[in-house]
Amino acid sequence: MSLLLRLFISLYITLASLGLCFSYYIEETFHHTNVEPYIVHHDGRFIKRKHEHFGLMMRANRAKTPHFSRSSGTISVNDFGARADGSDDSRAFEKAWNEACSSGVTLVVPERRTYTLKPIRFSGPCRPNTAFMIYGTIKAWPEMSAYEDDRKHWIVFDSVNNFRVDGGGTFNGNGKKWWQNSCKTNDNLPCKDAPTAVTFYQCKNLRVANVRLKDAQQMHVAFESCFNVIVSNVLVRAPGYSPNTDGIHVAETQNIVISDSDIGTGDDCISIVSGSQNVRATDITCGPGHGISIGSLGADNSEAVVSNVVVNRATLTGTSNGVRIKTWQGGSGYARNIKFLNIVMQNVTNPIIIDQNYCDQEKPCHQQNSGVQLSNVLYQNIRGTSASEVAIKFDCSRTVPCREIYLQDVILEPEDGGNGDTVATCQNVRYVNRGKFFPQCTPMRNQRGGRF
């Protein structure tokens, strides 16, 4: 065999060996544990940005890692001393969060265990891929004295971007004692703040999915000053008598989608207040509660702005209101480009209501010359039954009347099935309708009917 041929064969064997060596490693793709970034198209649709998955080179035959380990991208609160025995686990959660946030891993709250926390703040910014997986239950510390430094919050996620909360577990606000000490339950008590159970503050690219919230001290979950939020498959439960226990509260937040969620509380199922823009709520089940509300807006002569809100495919059962817009006199600003579509009302006391003379205070509210302007509001394919005679109520401002109110295929009949009819009262509203519309507005001043 020639020397040249022997050299060629030797080189081939060497390269083949190297190939076998390198092929002993495979790439395992790990999906983001964070929400995928979204941008908003000019027509309001959410468009997903393209991104790369993180990869990790792993030996094909490596030993299986423990369920909770930094090498697998997860840590457990138990690793930091959480006991789930009724004692205060706040310090252990703080340590676990600091590690997860600084390392970019998933913090895990194990299943079938209940951890008790005093007020706590999980602050960012964090490294990419930080997530919070709650499989078990987190319960609020029962003593009200623990909240003296901040009576408005229990759990806060502050400035955490590209973040996900998931797992199917429960946030339990343990709110019974707070309800008993509310001025709305006992007129002899002074009105004081009560905590929102879970608050997301200044978070971007956030996803909250497959979680349960129950018995909040006041509101259950609030999104404040957030951007690009997806909320799905959330279950909220509190008794119908629990005061101010809104299910999902949206404030100063842009680009938020809420879907496939079931909410029953003692206040609004969903409340949307000033500064909120591009809000979508789809496939919502609501009841008991006060319905789905925009507002209140303009309290204490403040300026309020809300725009581009769509509520599509909702069922409301036994609520005190259906779809509601409420504003105070004396405010300013606007609420516009709002759509209520494909909604079923079952035994709802005020199925459709606009109240520009809202007054939730002990002293009477005096007539004022300014108000929040309401315009371009569409009610389409809304059907069902009203528990009260007045199924549609447009109580608009005398000085700032509602305008561009559209009704199409709205039919709201009495719940009792035939003992009397429902009525619509329409004051200071400019509306047009087409298709079926029952009950028709009764003539009142500053009202103009028409067709599309």
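Calculation rules
- Residues numbered from 1 in each chain as written.
- Predicted model: local features only at pLDDT ≥ 70, side-chain atom pairs only at ≥ 80, totals over all residues.
- Heavy atoms only, no water.
- Pairing = 2+ DSSP bridges.
- Helix = DSSP H or I, 4+ residues; strand = E, 2+ residues; numbered from the N terminus.
- pLDDT = per-residue confidence, 0-100.
- Contact = heavy atoms within 4.5 Å.
- Disulfide = S-S within 2.5 Å.
- Buried < 20%, exposed > 50% of the residue type's maximum accessible area, 1.4 Å probe, protein only.
- Expected span 1.5 Å × (residues − 1).
- Arc of directions from axis to C-beta.
- Polar contact = N/O pair within 3.5 Å; in protein donor to acceptor, adjacent residues only side chain to side chain.
- Salt bridge = Lys/Arg side-chain N within 4 Å of Asp/Glu carboxyl O.
- Core = buried A, V, L, I, M, F, W, Y, C linked by side-chain atoms within 4.5 Å.
- Phe/Tyr/Trp six-rings, centres within 6.5 Å; stacked < 30°, edge-to-face > 60°.
- 1 Å grid on protein atoms, 1.4 Å probe; cavity = no way out; pocket = protein on both sides within 12 Å on 5 of 7 lines; lining within 4 Å.
- Points joined across faces, edges and corners; volume = space filled by probe spheres on them.

Let us now look at the pairing of strand E23 (residues 303-317). Note: strand E21 (residues 276-286) against E23, nine bridges, orientation parallel. The partner of Val 279 across the bridge, within E23, is Val 309. The pairing of E23 with strand E25 (residues 332-348) spans 13 bridges and is classified as parallel. Paired with Thr 315 across the two strands is Val 344, which belongs to E25.

Next up on the list: the confidence of the model for the chain. In the predicted model, the chain carries a mean pLDDT of 85, and 81% of its residues have values of at least 70. Scored below 50 in pLDDT, residues 11-66 makes 78 contacts in the model with residues more than four places away or belonging to other chains. Segment residues 445-452: pLDDT under 50, and 28 contacts once partners within four positions in sequence are set aside and those in other chains are kept.

Defined simply, a disulfide is a covalent bond joining two cysteines at their sulfur atoms. Counting across every chain of the model gives five disulfides. Bridging Cys 183 to Cys 191, the disulfide has an S-S length of 2.0 Å. Handedness of the Cys 183-Cys 191 disulfide follows from its S-S torsion of about 100 degrees: it is right-handed. Look at Cys 183 and you get buried, because its relative accessible area is 17%. Residue class for Cys 191 comes out exposed when judged on its relative accessible area of 60%. Each sulfur in the disulfide pair Cys 396 and Cys 402 lies 2.0 Å from the other. The sign of the S-S torsion, about -100 degrees, decides the handedness of the disulfide formed by Cys 396 and Cys 402: left-handed.

Between Gly 124 and Pro 125 the backbone carries a cis peptide bond, its omega angle lying at 0 degrees. With respect to the secondary-structure elements, Pro 125 resides in the loop between strand E8 (120-123) and strand E9 (131-134). In the segment running from Gly 287 into Pro 288, the intervening peptide bond is cis, with an omega of 0 degrees. Unlike most non-glycine residues, Asn 228 shows phi in positive territory, near 65 degrees. Mapped onto the elements, Asn 228 comes out in strand E17 (residues 227-237). Of note, the phi angle at Asp 409 is positive, near 55 degrees, even though the residue is not glycine. Summarising the element assignment, Asp 409 is placed in strand E29 (residues 402-414). Judged by its relative accessible area of 24%, Asp 409 falls in the partly exposed class.

As a further point, take helix H2 (residues 90-103). Its 14 residues give H2 an end-to-end C-alpha distance of 20 Å, which sits within 8% of 20 Å, the value for a rise of 1.5 Å per residue. Buried within H2 are the following residues: Ser 90, Ala 92, Phe 93, Ala 96, Trp 97, Ala 100 and Cys 101. Seen end-on, H2 carries its buried residues on one side only, within an arc spanning 155 degrees. A positive backbone phi angle near 70 degrees is found at Gly 104, which sits one or two residues after H2.

The next thing to look at is the side chain of Thr 130. Take Thr 130: it is sitting in the loop between E8 and E9. A polar contact is formed between the side chain of Thr 130 and the backbone oxygen of Arg 127, at a distance of 2.7 Å.

On to the pattern of salt bridges. All chains considered together, the criterion is met by 12 salt bridges. Between Asp 166 and Arg 164 there is a salt bridge whose closest N-O contact spans 2.2 Å. A salt bridge links Asp 268 to Lys 326; the nearest nitrogen and oxygen atoms lie 3.7 Å apart. Here Lys 326 lies in strand E24 (residues 323-327) and Asp 268 lies in the loop between strand E19 (254-264) and strand E20 (270-272), a separation of 58 residues in the sequence. Assigned by exposure class, Asp 268 and Lys 326 land together as buried. Three or more residues joined by partner-sharing salt bridges are found here, namely Asp 268, Arg 324 and Lys 326.

On to the nonpolar core. With 101 residues, the main nonpolar core has Phe 93, Phe 132, Phe 200, Phe 223, Phe 340, Tyr 379 and Phe 394 as its most contacted residues. Discounting residues that sit within four places of it in the chain, Phe 223 has contacts with Phe 200, Leu 206, Val 208, Val 229, Val 231, Ile 248, His 249, Val 250, Ala 251, Thr 253 and Ile 256.

Here we take up the packing of aromatic side chains. With the rule as written, the count across this model stands at 16 aromatic pairs. Taken together, a centroid distance of 6.1 Å and an interplanar angle of 85 degrees make the contact between Trp 179 and Tyr 241 edge-to-face. Here Tyr 241 lies in the loop between E17 and strand E18 (248-251) and Trp 179 lies in helix H3 (residues 176-180), a separation of 62 residues in the sequence. Three or more aromatic residues joined by ring pairs make a cluster, and in this case those are Trp 97, Phe 122, Phe 132, Phe 157, Phe 163, Phe 200 and Phe 223.

Taking burial as the measure, the five residues of E24 include five buried ones, the bulk of the element. As paired strands, strand E22 (residues 292-297) and E24 are joined by four bridges and run parallel to one another. Each residue of the ladder has a partner; that of Leu 297, found in E24, is Thr 327. Direction of pairing for E24 relative to strand E26 (residues 352-355): parallel, over a ladder of four bridges. Along E26, the bridge assignment pairs Lys 326 with Asp 355.

This part is about empty space enclosed by the protein. With the rule as written, the count across this model stands at two cavities of 30 Å³ or more. Reported here for the largest cavity is a volume of approximately 40 Å³. Forming the boundary of the largest cavity are Val 165, Phe 171, Val 198, Phe 200, Val 208, Val 211, Leu 213 and Val 221. Elements supplying a minimum of two residues to the lining of the largest cavity: strand E14 (196-201) and strand E15 (204-214). The dominant element in the lining of the largest cavity, judged by the number of residues it contributes, is E15, at three residues.

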